[in-house]
Amino acid sequence: SWWAYSFPTAAITIASFVMHQATGNMVYLWFGNGLLALLTVLIGLLLVKTGKAILNRKICVPGH
């Protein structure tokens, strides 16, 4: 369920870059770059956590 955080974060990051391209306003570029850094860290953490869960067989486990 934590992967759900990555999708809106990616969407607002892309939207920031599109707004910078459309307006030339540097604030959108700075915001987009900050969000891109955040998104990169977020996805990295999610990949590590998901990989550990797979190795520990805690993913797709039938309910009790």
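Conventions and cut-offs
- Residues numbered from 1 in each chain as written.
- Predicted model: local features only at pLDDT ≥ 70, side-chain atom pairs only at ≥ 80, totals over all residues.
- Heavy atoms only, no water.
- Helix = DSSP H or I, 4+ residues; strand = E, 2+ residues; numbered from the N terminus.
- Expected span 1.5 Å × (residues − 1).
- Buried < 20%, exposed > 50% of the residue type's maximum accessible area, 1.4 Å probe, protein only.
- Contact = heavy atoms within 4.5 Å.
- Polar contact = N/O pair within 3.5 Å; in protein donor to acceptor, adjacent residues only side chain to side chain.

So, helix 2 (residues 26-55)
An α-helical turn contains 3.6 residues, so a residue and the one three or four places further along point in the same direction.
Here comes step 1: Between its first and last C-alpha atoms helix 2 spans 43 Å; for 30 residues at 1.5 Å apiece the expected length is 44 Å, and the two agree.
Here comes step 2: Those residues of helix 2 that sit buried are Gly32, Leu35, Leu39, Leu46 and Ala53.
Here comes step 3: Those residues of helix 2 that are buried are in contact with helix 1 (6-23).
Here comes step 4: Its side-chain oxygen at 3.0 Å from the backbone nitrogen of Val27, Asn25 defines the N-terminal cap of helix 2.

Things to note about the environment of Leu39
Here comes step 1: Within the element layout of this structure, Leu39 appears in helix 2.
Here comes step 2: We classify Leu39 as buried; its relative accessible area is 10%.
Here comes step 3: Taking the C-alpha atoms as reference, Leu39 lies 16 Å from Ser1; in sequence the two are 38 residues apart.
Here comes step 4: For Leu39, the contacting residues outside a window of four places in its chain are Ser6, Thr9, Ala10 and Thr13.

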